[in-house]
Each structure stands twice: as C-alpha cells, then as structure tokens.
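The lines below spell out each chain.
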Amino acid sequence: FQNLVRELKLDVLLIDTHPGLNEETLLSVAISDALAIIMRPDQQDYQGTGVTVEVARKLDVPKMLLIVNKTPPSLDFDEVASRVQQTYNCPVGAVLPHSDEMMMLASSGVFALRYPDNAITLKLRRVADAPIGEAVSVIVLRDGKTENLSVKLGRREEAEADEPVPAAATQE
C-alpha cells in the first residue's frame, strides 16, 4: 500500500473492510496509521468492537477513532458518545443518526455526493476536515477519570522527519 500511496501522491488511502476480524481486516489494521471503527449502538456491535479495539491496540495502531452509525433518533447522541468513549477508552469522532435516505440509496451511489446537506454527510465532513496544525479539544478517559486534552493534528510525513517532533497533546 505504501507504494500505491507514493505513486499516486495520496494524502490518505482509505481501506473499507468487511465487519469482523478476518485475514483482510487484520492485515489492514496491522498496516494502518489510523483506524476508524464504525459501529452500531447495539449489543452485538459492542462486543465485536471491543475485540477489534483490543486487537488494534495489540497491533500498536497509532490512532484510533470510533464512529457510531445508525443511531436511533430517540437516543441522546451525547450520551451515546460518552458511553462508547468510556467503554472503549477511545475517542468518538461522530454519532450518526439512522438515515432512511442511506437505506434507500442501498449502496447505489456515494451518499455524501447525493445528499451533501444531510446530517450524516455534515458530521462525516467535520471528522474528515479536522484541521491539520490546529488544536482541537478531545475528551479521553484515563484510569477511570475524564480528561480534556488539546490535541494538535499533524501529518505523518512531518512526524517521520529526521528531526524529532515535539509531543502535540497537552492537558487543558
């Protein structure tokens, strides 16, 4: 994949795998610089996500983010984000609502292009457009306590430079 990224001069290579842990998924997780795990707010996905998060940590994936998908509108999205973050000790990038438009599209097109103003598209755009070089506020759970961190997002190329890069996260 590194050759592909270099040859095509890509900023990001996004690999979408099947849910669960199979050979393709494990290989993709093992070579990832960052991992976004998409889960639903149901018991089965909580268990599967727990296994995936544990495997990713054992494989030393440097950055991990959870995205909760198909959330019923009757749930409190902030509470869902808080519960998921506390359960996995991992930041939640977005809690996405269930969408009839997404279901009706049925993988026949690119949702964000077909529905650019939909709440799902806007939340995903916010995750994707996280500002590089600017600090963003992130809430993390450490040793059972919530901490607010200011995290400066950067590019991997800069982190791999010959000169050491200072730590970017500071407690608020």
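Sequence order as written defines residue numbering, which begins from 1 separately in each chain. With the structure being a predicted model, the display of local features is reserved for residues of pLDDT at least 70 and the display and counting of side-chain atom pairs for 80 or more, all residues being used for whole-chain, interface and lining totals. Neither water nor hydrogens contribute to the side-chain values; these are computed over all heavy atoms in the structure.

Visitor: What is the right way to read the packing of helix H3 (residues 43-58) against helix H4 (residues 77-88) from this model?
Guide: In helix packing, the relevant descriptors are the interaxial angle and the interaxial distance, both defined with respect to the helix axes. Fitting a line to C-alpha atoms yields each axis, with helices limited to the stretch in contact; the angle taken between N-to-C directions then spans 0 to 180 degrees. Strands here mean DSSP runs of E at least two residues long; helices mean DSSP runs of H or I at least four residues long; both are numbered from the N terminus. It is at 10 Å that the axes of H3 and H4 come closest, and there the two elements cross at 45°. With respect to H4, the axis of H3 lies oblique. Note that H3 runs across H4; the crossing there is right-handed. Taking contact as the criterion, the partners of Asp45, Tyr46, Gln47, Thr49, Gly50, Val53 and Arg57 in H3 are, on H4, Arg83, Val84, Thr87 and Tyr88. When an angle is under 35 degrees it counts as roughly parallel; over 145 it counts as roughly antiparallel; between 65 and 115 it counts as roughly perpendicular; any other value is oblique. For a crossing to be left-handed, the near helix must be turned anticlockwise from the far one by less than a right angle; the clockwise case is right-handed. Should any heavy atoms of two residues lie within 4.5 Å, those residues are counted as being in contact.

Visitor: Looking at this model, I keep getting lost on the environment of Leu10. Mind explaining?
Guide: Tracing the sequence through the fold places Leu10 in the loop between helix H1 (2-8) and helix H2 (23-30). For every residue, the accessible area (1.4 Å probe, protein chains only) is compared with the maximum for its type, and the residue is labelled buried under 20%, exposed over 50%, or partly exposed between those bounds. On the basis of relative accessibility, which here comes to 30%, the residue Leu10 falls in the partly exposed class. Look past the residues within four positions of Leu10 in its chain and what remains in contact with it is Leu4 and Val5.

Visitor: Looking at this model, I keep getting lost on the pairing of strand S3 (residues 92-97). Mind explaining?
Guide: A regular strand places its side chains on the two faces of the sheet in alternate fashion. In terms of residue burial, S3 counts as a mostly covered element, since five of its six residues are buried. Two strands qualify as a pair provided DSSP detects at least 2 bridges between them. Note that strand S2 (residues 63-71) and S3 share four bridges and pair parallel. Residue pairing in the sheet places Leu66 in a bridge with Val92 of S3. Crossover connection from S2 via H4 to parallel S3: handedness right-handed. Looking down the strands as they point away from the viewer, one classifies a crossover as right-handed if the path from the first strand across the helix to the second runs clockwise.

Visitor: Just checking my understanding: could you explain the packing of aromatic side chains for this structure?
Guide: Where two aromatic rings form a pair, the distance of their centres and the angle of their planes describe that pair. In this scheme Phe, Tyr and Trp rings, the latter by its six-membered ring, pair at centre separations within 6.5 Å, and the angle between planes marks the pair as stacked below 30 degrees, edge-to-face above 60, and tilted otherwise. Per the stated rule, a full pass over the model turns up two aromatic pairs. On the basis of an interplanar angle of 35° and a centroid distance of 5.0 Å, the ring pair of Phe111 and Tyr115 is categorised as tilted. For Tyr115, a relative accessible area of 25% puts it in the partly exposed group.

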